[in-house]
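Summary of structural features
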Number of protein chains: 2
Amino acid sequence: MPTSTVEQYIKTIYQQEERCAHDIVPMKQLSEAMGVTPGTATAMVKHLAERKLIRYEPRKGVRLTAGGRELALIMVRRHRLIETFLENVLGYDLSEVHEDAEQLEHAVSDKFIERIDAYLGFPPADPHGDPIPSAEGHIARRDSVPLDHCETGDSIRVARLRNDDPAFLLLMKEQRLTPGEVFVVIDKNETAGTMTVQHNARTRKTNTPFTISMGNSTRIMVEPTGEQ
Amino acid sequence: MPTSTVEQYIKTIYQQEERCAHDIVPMKQLSEAMGVTPGTATAMVKHLAERKLIRYEPRKGVRLTAGGRELALIMVRRHRLIETFLENVLGYDLSEVHEDAEQLEHAVSDKFIERIDAYLGFPPADPHGDPIPSAEGHIARRDSVPLDHCETGDSIRVARLRNDDPAFLLLMKEQRLTPGEVFVVIDKNETAGTMTVQHNARTRKTNTPFTISMGNSTRIMVEPTGEQ
DNA sequence: GATATAATTTTGATTAATCAAAATATATTA
DNA sequence: TAATATATTTTGATTAATCAAAATTATATC
């Protein structure tokens, strides 16, 4: 049985892999995401590699093995089903679900999760719109497309950033073009080779438009929100 | 914040106090109930005493302080509400609820418990019939009476045994006259000074009658089952 | 390419919880 | 009461997870 700490590391590595172009996760990124010192992460990573949950390349970083990915998807399934339950059944606010789910996901049994799934009517996605992996570890491939495939007026959600250039990622962060964020394409200028996007006014206080080159926009994977 | 191990010890001490005449819980009883070696229990008990959750009398045993009792009742509340939820909402069998509740009770937040309580309609008792302590730590005093106050035909549940004589307790265990067990009084003979009880035929395979002296029957606290 | 900077690993310690086995105290029995 | 059995505590070790700080190795800059 993996300890809850092991589960948490594996889930975090999975999430970090999702957020980078290169699938290898550097130690700094992992230790920051886990909120531990780098030395602690190194020690843990060696242990996870022995358990065959990850591949560890010293001085480079880590990537999940098939077994690690399996465990990660179990944890993601638990987390998302619990969040859905907290919101739909117990009436939690969306901002409150994460904290409690983070604790519960390490304490629930498989039986509990399957019962919750049935009780909720086998929902395909959690309250954030993220797909819930099946009990067998299958997760719906989100039909994300590069931003430059979108048209003016499209309402979209950022799925992932296919680029790990720090300057690019920093810019994305400053502009809040990070996974999960919702936008509208307010202009697509083929001649100038630019796209302009803007946060939805009712979800953001500051929503100044942001213009990006068509070339860079291919690095931003988005999916339709289904709105409008 | 108490760790889940601390929570478990405190809950266990509370339960053991309920099950003995003398409110002091000897180390052997505690270590066996916790499933750890006696030395481990001693070490932990010192820690709990420093935290002012228990009073520790070396070579004698332990008893809860007011603060310890408060924590114990929080844990009992969590456990019983979770069991109720698992049975009433998720359709668990009664025999399955304990195992999952035992894990979850250490992972849930106060918010979660209060929401579950409301969702269940503020139930007064869990599926075993045990009262659920309030959020403020009040628990309904079970209206238990000594067995000799019962009459022939009464259907009763054992609440607690007010005697810690090992032979007596062993006998009670052999006859399955332990807390939670359900019986019918089939004879009360004032002249002979005896009472005879029998397990309910549909809950027990072996249900040979058992006769006990009136004197000893005062040590067995029971409550009406509400049946018949 | 030499040096400064940043990332990573190593080392030595710490805390919570545990066990096995030795030492000690208490209770029982003969 | 002395001998034996039982309960309890102590001692020394272990494991998982962590930190701080030193040592090492990449990477970036001049």
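Residues numbered from 1 in each chain as written. Chains lettered and ligands numbered in written order. Predicted model: local features only at pLDDT ≥ 70, side-chain atom pairs only at ≥ 80, totals over all residues. Heavy atoms only, no water.

Considering the overall build of chain A
To be explicit about the condition: Numbering of helices and strands runs from the N terminus, with a helix taken as a DSSP run of H or I at least four residues long and a strand as a DSSP run of E at least two residues long. Whether two residues are in contact is decided by their heavy atoms, any of which lying within 4.5 Å being enough. Every accessible area reported is derived by Shrake-Rupley at a probe size of 1.4 Å, with residue values counting cover from the shown protein chains alone. Positive charges are assigned to Lys and Arg, negative charges to Asp and Glu, while His and the chain termini are left out of the count. Working definition for charges: the position is that of NZ of Lys, CZ of Arg, CG of Asp or CD of Glu.
When helices and strands are tallied, chain A shows eight helices and eight strands. Principal-axis analysis of the C-alpha atoms places the extent of chain A at approximately 55 × 45 × 30 Å. The long-range share in chain A, meaning contacts at least 24 apart out of those at least 6 apart in sequence, stands at 62%. For chain A, the computed accessible surface area is about 11,800 Å², with 50% contributed by carbon and sulfur atoms. Here chain A contributes 28 positive and 34 negative side-chain charges, whose respective centroids are spaced 5 Å apart.

Let's talk about the environment of D117 of chain A
All names here are of chain A. Put simply, the rule is: Pairs of N or O atoms are called polar contacts if they sit within 3.5 Å, as long as, within protein, a hydrogen donor faces a hydrogen acceptor (for residues adjacent in sequence, only side-chain-to-side-chain pairs).
On the secondary structure map, D117 appears in helix α6 (residues 110–119). When the C-alpha atoms of D117 and S134 are compared, they prove to be 9.8 Å apart, with 17 residues separating the residues in sequence. Setting aside residues no more than four positions away along its own chain, D117 makes contact with R77, L81, F122 and P123. A polar contact is formed between the side chain of D117 and the side chain of R77, at a distance of 3.1 Å.

What about the relation of the copies chain B and chain A?
Condition: When the copies are superposed, the least-squares fit draws on C-alpha atoms of residues that have pLDDT of at least 70 in both.
Each copy of the sequence occupies a distinct position, and chain B is placed on chain A by a rotation of 180° and an axial shift of 0.1 Å, giving an RMSD of 0.1 Å. One copy is carried onto the other by what is essentially a two-fold rotation axis. By C-alpha distance to the rotation axis, the residue of chain B lying nearest is A107 of chain B, at 3.2 Å. By residue overlap, the copies meet face to face through one surface: 100% of the interface positions of chain B are interface positions in chain A.

Observations regarding the sheet that holds strand β5 (residues 182–189) of chain A
For clarity, the threshold we go by: If DSSP finds at least two bridges between two strands, the strands pair.
Reading across the sheet, the six strands line up as β3-β8-β4-β5-β6-β7 (chain A) and stay open at both edges, with antiparallel pairing between neighbours. Whereas interior strands pair on both sides, the edge strands pair on one side only; in this sheet they are β3 (145–146) and β7 (210–213) of chain A.

A word on the protein's contact with DNA strand C
Spelled out, the test is: It suffices for a single heavy atom of a residue to lie within 4 Å of a molecule or strand for the residue to be listed as near it.
Residues in close proximity to DNA strand C total 19 residues, the closest being K28, K46 and Y56 of chain A together with T3 and T40 of chain B. Backbone atoms, meaning sugar and phosphate, form 84% of the atoms of DNA strand C found within 4 Å of the protein. A distance of 2.2 Å is found between a phosphate oxygen of DNA strand C and a side-chain nitrogen or oxygen belonging to Y56 of chain A. Breaking the surface near DNA strand C down by element, the ones donating at least two residues are α2 (27–34) and α3 (38–50) of chain A together with α1 (4–18) and α3 (38–50) of chain B. Looking at the surface near DNA strand C element by element, the count peaks at four residues for α3 of chain A.

Some remarks on the protein's contact with DNA strand D
The criterion, for reference: Amino acid classes used here: Ala, Val, Leu, Ile, Met, Phe, Trp, Tyr, Cys and Pro are nonpolar; Asp, Glu, Lys and Arg are charged; the rest, including Gly, are polar.
Neighbouring DNA strand D are 19 residues, the closest being T3 and T40 of chain A together with K28, K46 and Y56 of chain B. A distance of 3.4 Å separates a sugar or linking oxygen of DNA strand D from a polar side-chain atom of R59 of chain A. K28 of chain B places a polar main-chain atom, nitrogen or oxygen, 2.5 Å from a phosphate oxygen of DNA strand D. Broken down by element, the surface near DNA strand D gets its largest block of residues, four residues, from α3 of chain B. Within the surface near DNA strand D, the residues separate by chemical class into eight nonpolar, six polar and five charged.

Regarding the interface of chain B and chain A
Put simply, the test is: Put simply, buried area is how much 1.4 Å-probe accessible surface two parts lose in total, over both of them, once they are put together. The salt bridge definition used is simple: a Lys or Arg side-chain nitrogen within 4 Å of an Asp or Glu carboxyl oxygen.
Listed as interface residues are 18 residues of chain B and, on the opposing side, 18 residues of chain A. Of the roughly 1,700 Å² buried at the junction of chain B and chain A (both faces included), carbon and sulfur atoms supply 62%. Taken as a group, L90, F112 and R115 of chain B account for 31% of the area that chain B buries against chain A, more than any other trio of residues on that side. Joining chain B to chain A, the criterion identifies two salt bridges. Between K111 of chain A and E96 of chain B there is a salt bridge whose closest N-O contact spans 3.5 Å. Summed over the shared surface of chain B and chain A, the result is eleven residue pairs in polar contact (both at pLDDT 80 or more).

Quick notes on the nonpolar core
The criterion, for reference: Put simply, a nonpolar core is a bunch of buried Ala, Val, Leu, Ile, Met, Phe, Trp, Tyr and Cys residues held in one set by side-chain atoms that sit within 4.5 Å of each other. Relative accessible area decides the class of each residue, using a 1.4 Å probe on protein chains only: under 20% of the type maximum gives buried, over 50% gives exposed, and in between gives partly exposed.
Core analysis: the biggest nonpolar cluster contains 34 residues, and F85 and F112 of chain A together with F85 and F112 of chain B have the highest contact counts within it. Breaking this core down by element, the ones donating at least two residues are α4 (66–88), α5 (94–104) and α6 of chain A together with α4 (66–88), α5 (94–104) and α6 (110–119) of chain B. If we skip the residues at most four places from it in the chain, F112 of chain A touches F85, L86, L90, Y92, D100 and L104 of chain B.

Some remarks on α6 of chain A
All names here are of chain A. Selection criterion: The reported arc concerns the directions from the helix axis to the C-beta atoms and nothing else.
Taken as a whole, α6 has its buried residues at F112, I113, I116 and D117. Projected down its long axis, α6 shows its buried positions confined to an angular sector of 135°, all on one face. Within two residues after α6, G121 carries a phi angle of roughly 80°, on the positive side.

Remarks on the side chain of E17 of chain B
Residue and element names in this part refer to chain B. Considering the arrangement of structural elements, one finds E17 in helix α1. No salt bridge is formed by the buried E17. Its closest oppositely charged neighbour is R63, at 5.8 Å. Within the structure, the side chain of E17 is placed 2.8 Å from the backbone nitrogen of L64, a separation counted as a polar contact. Setting aside its immediate chain neighbours within four residues, E17 contacts D23, V25, V62, R63, L64 and R160.

Regarding unusual backbone geometry
Residues and elements named next belong to chain A. With a phi close to 65°, K52 is a non-glycine residue in the positive phi region. With respect to the element layout, K52 can be found in the loop between α3 and β1 (54–57). One non-glycine residue, R176, lies in the positive phi region at around 55°. For R176, the position within the fold is in the loop between α7 (166–174) and β5.

Thoughts on the pattern of salt bridges
For the structure on display, the rule yields 25 salt bridges over all chains. Residue E114 of chain B is joined to R77 of chain B by a salt bridge in which the shortest nitrogen-to-oxygen separation is 2.7 Å. Of the two residues, E114 of chain B is situated in helix α6 and R77 of chain B in helix α4; the sequence distance between them amounts to 37 residues. When the shortest N-O distance is used, the salt bridge between E151 of chain B and K188 of chain B registers 3.2 Å. A residue pair is termed long-range when its members are at least 10 positions apart, and E151 of chain B in the loop between β3 (145–146) and β4 (155–161) and K188 of chain B in strand β5 (residues 182–189) qualify at 37 residues. By relative accessible area, E151 of chain B is classed as partly exposed at 44%. Looking at K188 of chain B, the relative accessible area reads 15%, which means it is buried. In this structure, a network of salt bridges that share partners links the residues K11, E102 and E105 of chain A.

So yeah, pure geometry; function would need other evidence.
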